[in-house]
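Next come the chains, spelled out residue by residue.
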Amino acid sequence: MIDVKDLLENPYEYQKLIGFEVVAWTQDNAKLQLPLADKHGNRYGIPHGGVHATLLDTCMGFAGCYTGDREAAQLAMTLSLNVQYLSRPKGKLLVATGLKTGGGRKTFFAEGSIADETGELIAKGTGTFRYRD
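Every chain begins its residue count from 1, and numbering advances along the sequence as written. Local features in this predicted model are restricted to residues whose pLDDT is 70 or higher, and side-chain atom pairs enter the listing and the counts only when it is 80 or higher, whereas totals over whole chains, interfaces and linings include all residues. As a rule here, side-chain values cover all heavy atoms of the structure and leave hydrogens and water aside.

Even after reading the chapter, I still don't get the overall build of the chain, so can you show me in this structure?
Per the convention used, a helix needs a DSSP run of H or I reaching at least four residues, while a strand needs a run of E reaching at least two, with both numbered from the N terminus. When its secondary structure is counted, the chain shows two helices and six strands. For the chain, the α and β elements follow one another from N to C terminus as α-β-β-α-β-β-β-β. Along the first, second and third principal axes, the C-alpha set of the chain runs to 40 × 25 × 25 Å. Buried residues are those whose accessible area, probed at 1.4 Å on protein chains only, stays under 20% of the maximum for their type, while exposed residues exceed 50% and partly exposed ones sit between those limits. Buried positions account for 35% of the 133 residues belonging to the chain. Taking the contacts inside the chain whose residues are at least 6 apart along the sequence as the reference set, 61% of them involve residues at least 24 apart. The Shrake-Rupley method, run with a 1.4 Å probe sphere, supplies the accessible areas, and residue values consider only the shown protein chains as cover. Carbon and sulfur atoms provide 50% of the accessible area of the chain, an area that totals close to 7,800 Å². Of the charged side chains in the chain, 15 are positive and 15 negative, and the gap between their average positions amounts to 6 Å. What makes two residues a contact is simply this: any of their non-hydrogen atoms within 4.5 Å. Charged residues are defined narrowly, with Lys and Arg counted positive, Asp and Glu counted negative, and His plus the chain ends left uncounted. All charge positions are set by atom: Lys at NZ, Arg at CZ, Asp at CG, Glu at CD.

So this is what it looks like as structure tokens:
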């Protein structure tokens, strides 16, 4: 079994800013985790919707780009992203999962969800992505 850390490049600047980590990545699937901090809150003190959108966009994008080989990285750009905000977290850790649901040679479709460590479903999303050359 391939360790996800062997597949990933170093965290990029936005990833470091937000603070999420890719914890699992296999064919058509990806999982991210984000420990919540004050910096993630909106003016009401709950996680900003942009944090949820970031996690969904990223986990769905990763789900469609798995190659199993760090030297043969596949990248994609988001063509559309839909987010449904369902609840607020009860816990302190967001867990985002993405699943590639279909597509072809140039584009793919994915769905994702975010829950916290208590199992509270926070948000769901769908996206369309285009593979980059």
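Is there a simple way to explain the packing of aromatic side chains in this structure?
Each aromatic ring pair is summarised here by two numbers: the centre-to-centre distance and the angle between the ring planes. When the centres of two rings from Phe, Tyr and Trp lie within 6.5 Å, Trp using its six-membered ring, the rings pair. Their planes under 30 degrees apart give stacked, over 60 give edge-to-face, and anything left gives tilted. For the structure shown, the criterion picks out five aromatic pairs. Here Phe108 and Tyr131 contribute two aromatic rings whose centre-to-centre distance is 5.0 Å and whose plane-to-plane angle is 35°, an arrangement assigned as tilted. With Phe108 in strand 5 (residues 107-116) and Tyr131 in strand 6 (residues 121-132), the pair connects residues that are 23 residues apart, well separated along the chain. Take Tyr131: its relative accessible area is 15%, and that puts it in the buried class. Through successive ring pairs, a cluster of aromatic residues spans Trp25, Phe62 and Tyr66.

Looking at this structure, I do not really get the pairing of strand 4 (residues 93-103). What am I missing?
Looking along a regular strand, one sees the side chains alternate between the two faces of the sheet. Pairing between two strands is assigned when DSSP locates at least 2 bridges connecting them. In terms of strand pairing, strand 2 (residues 29-35) meets strand 4 through seven bridges, oriented antiparallel. Counted as the bridge partner of Asn29 is Leu99 from strand 4. By the bridge criterion, nine bridges tie strand 4 to strand 5 in an arrangement that is antiparallel. By the bridge assignment, Leu94 is partnered in strand 5 with Asp116. Adjacent in sequence and paired antiparallel, strand 4 and strand 5 are bridged by three residues.

Quick question: what am I supposed to make of the side chain of Gln15 here?
Relative to the helices and strands, Gln15 is located in helix 1 (residues 13-18). Definition of a polar contact: a pair of N or O atoms within 3.5 Å, with one able to donate and the other able to accept a hydrogen when the atoms are protein atoms, and with sequence-neighbouring residues admitted only if both atoms are side-chain atoms. Among the polar contacts made by the side chain of Gln15, one reaches the main-chain carbonyl oxygen of Phe20 at a distance of 3.3 Å. Excluding residues within four positions of it along the chain, Gln15 makes contact with Phe20, Glu21 and Val22.

Please explain the sheet that holds strand 1 (residues 21-26) as it appears in this structure.
Through backbone hydrogen bonds, the strands of a sheet pair up, either in parallel or in antiparallel fashion. On the basis of which strands lie adjacent, the open sheet formed by six strands has the order 1-2-4-5-6-3 and antiparallel pairing. One side of each edge strand has no neighbouring strand; the edge strands of this open sheet are strand 1 and strand 3 (75-85). Direction aside, neighbouring strands of the sheet carry axes that sit 20° apart on average. Taken together, the five bridges between strand 1 and strand 2 define a ladder with antiparallel strand orientation. The residue bridging Glu21 from the neighbouring strand is Gln33, located in strand 2. The axes are straight lines fitted to the C-alpha atoms, using for helices just the contacting stretch, and the angles between their N-to-C directions are given from 0 to 180°.

Nothing here speaks to function; it is all geometry.
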